[in-house]
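# Topology and contacts: notes
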Amino acid sequence: MVTYGDFMKLSKERIKAYLPKEYQDREIMVVPVQKNNGIVRDGLFIRAGDNGMSPIIYLKPYYERYLDGFQIQGIWKEIAEEYLRARQQTPDVPVNLLSYESVKDQLMVTVCNAERNRGRLADMPHEEKGDLALIYQVRMELPGERYGMASVRNLHLEMWGISEEQLKADSWVNMKNRYSPLFAGTETIVEGLIINGFHHVGGNGAALDLAAVNKNEPMYVLTNMGKQYGAAYILDEEIMGQIADWLEADLIILPSSIHEAMVIKETEIIDIELCREILRIGNRTQVSEDELLSDEVYRFDRESRQLQLVPETEVKQAMIPMLG
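Residues numbered from 1 in each chain as written. Predicted model: local features only at pLDDT ≥ 70, side-chain atom pairs only at ≥ 80, totals over all residues. Heavy atoms only, no water.

### Things to note about the overall build of the chain
Let me state the cut-off plainly: Under the DSSP-based scheme used, a helix requires at least four consecutive residues in state H or I and a strand at least two consecutive residues in state E, with every element numbered from the N terminus. Note on exposure labels: buried denotes an accessible area under 20% of the residue type's maximum, exposed denotes more than 50%, and partly exposed covers the range between, all computed with a 1.4 Å probe on protein chains only. Should any heavy atoms of two residues lie within 4.5 Å, those residues are considered in contact. Note on areas: these come from Shrake-Rupley sampling with a 1.4 Å probe, and a residue is covered only by the protein chains present in the view.
Regarding its fold elements, the chain presents 9 helices and 17 strands. Within the chain, the fraction of its 324 residues that count as buried is 48%. Taking all contacts inside the chain whose residues are at least 6 apart in sequence as the whole, residues at least 24 apart take part in 63%. Split by element, the accessible area of the chain, about 15,700 Å² in all, is 49% carbon and sulfur.

### Some thoughts on the nonpolar core
Stated precisely, the cut-off is as follows: By convention a nonpolar core is built from buried Ala, Val, Leu, Ile, Met, Phe, Trp, Tyr and Cys residues, the set being connected through side-chain atoms within 4.5 Å.
Among the nonpolar cores identified, the biggest contains 46 residues, and Phe 183, Ile 243, Leu 251 and Ile 253 are the most heavily contacted of them. Among residues more than four places away in sequence, those in contact with Ile 253 are Ile 234, Met 240, Ala 261, Met 262, Val 263, Glu 296, Val 297, Tyr 298 and Leu 307. Leu 10, Tyr 23, Tyr 66 and Ile 79 belong to the second-largest nonpolar core, a separate cluster that totals 22 residues.

### Let's talk about helix H9 (residues 272–285)
Spacing of three or four residues puts side chains on the same side of an α-helix, whose turn is 3.6 residues. Defined as follows: Take the residue count of a helix, subtract one, and multiply by 1.5 Å to get its expected span. Think of the arc as the fan of directions from the helix axis to the C-beta atoms.
With 14 residues, H9 extends 20 Å between its outermost C-alpha atoms, agreeing within 8% with the 20 Å of an ideal straight helix rising 1.5 Å per residue. Taken together, the buried positions of H9 are Ile 272, Cys 275, Arg 276, Ile 278, Leu 279, Gly 282 and Asn 283. End-on view of H9: buried residues confined to an arc of 165 degrees, all on one side of the axis. Those residues of H9 that are exposed and aimed more than 90 degrees away from the buried face are Arg 284 and Thr 285.

### Notes on the packing of aromatic side chains
As a reminder, the rule being used: Side-chain rings of Phe, Tyr and Trp, where Trp is taken by its six-membered ring, are said to pair if the distance between their centres is within 6.5 Å; with planes under 30 degrees apart they count as stacked, over 60 as edge-to-face, and otherwise as tilted.
As enumerated under the stated definition, the model contains 7 aromatic pairs in all. Note on Phe 7 and Tyr 63: the rings are 5.4 Å apart at their centroids and 55 degrees apart in plane angle, and the pair reads as tilted. Here the residue Phe 7 occupies a position in helix H1 (residues 4–14), and Tyr 63 occupies one in helix H2 (residues 60–67), the gap between them amounting to 56 residues. Ring geometry for Trp 172 versus Tyr 233: centroids 5.8 Å apart, planes at 55 degrees, classification tilted.

### A few points about the confidence of the model for the chain
Quick reminder of the rule: One confidence number per residue, pLDDT, is output by the predictor and ranges from 0 to 100.
Counting all residues, the mean pLDDT for the chain is 83, and 82% of those residues have values of 70 or more. Within the chain, the lowest mean pLDDT, 32, falls on strand S9 (residues 189–190), and the highest, 96, falls on strand S15 (residues 298–301).

### So, unusual backbone geometry
One non-glycine residue, Glu 248, adopts positive backbone phi at about 55 degrees. For Glu 248, the position within the fold is in the loop between helix H8 (237–247) and strand S12 (251–254). Accessibility expressed as a relative area gives 54% for Glu 248, which makes it exposed. With phi around 60 degrees, Arg 305 is a residue other than glycine that occupies positive phi space. Tracing the backbone shows Arg 305 in the loop between S15 and strand S16 (306–309). Judged by its relative accessible area of 27%, Arg 305 is partly exposed.

Quick look at the structure:
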C-alpha cells in the first residue's frame, strides 16, 4: 500500500510519462495551497513555461481513488488529462494585477472567520467585526463559466498606490453593481438549515427590492445573485438597515457559510441559544470545512444600524421556527 506521502512523491516523478512531449522539460512540484479557514491542500503544479499561469491539481481526491482500489497508473493518467483540460481553459493573462484600473471592476468583498484565518489576515487589508473579517478579492473570469479568486494583499495597495479606504469603497460599489444582494424568504426548512426553495429578490446592478418579500416568513436567506460569497452583505449597514425596516424588527443573523446567512425577525418567543445550536448543527453537517463562516449568532439593531455578536450568556429571546 502506497502512503499518501509516497503518492505525492511518485505523482511528481511519474506524471511526465502521461503528458505530451512539450511538457517533458517543465518543472513539476507538489505545493501546499492555503485555502480559507487555514485549510491546506496539496497541489500538483507544472510550471507553464510561457507566462507562468498554470492550473493546480489537488492530489488528495486522487489518492482516495487509489485507496478505493483504482490502479495507480490509471490515476496518473487521469491527473494528466485533468491538467491538460484545465490548462487549455486557462487564459494567458486573465487580469493584469499590476494595474489597479484592470482589477477595479473585478473587486469583490468577501467574509471569512477571523480567528481561523489569522495568519492570512496579517498580510491583508481587512475589517473585523466579532469573529468575522471582511476581505477583498479580485475575481478573474475564466472560460467555461469558471473563475479564479486572488486575495488583495497589503503589497497590492502599495503597488497600486491606493489607500485601504479607496479599496473598500470601490469594492462595495462593484459588489452592488455586479454581485447585488439577494434576500429570500425560505419556503421549506428541514433539519440542518437546508433550503429547498426561495423567492429571488434583486438582481445584478439592481437595488434591493423587498416589496415581494413576505413579512411573515419564519426565516430568510441573504446572499448575492451569484450565490457565491454573498454572506459579506450581513456587514453592509445599508442593506441590513433596509431589511430591518421592511420587517419592522431587529434581526437575528446566523452566518451559515461564507456564501449566505440566515436572517430571522427578533421577537420574544424562543431562546436565542436554540438559534445557536441549530447553526452549529448545520455547520457540522451541511457546510464544508473551507466554507464554514461562524458558530456565533449576531444581532442587527434596527435603531443603531449596528451588527453585534450575541454572547452565549444572553437570555434575550428570538423567534425561530420549531423544527421537526
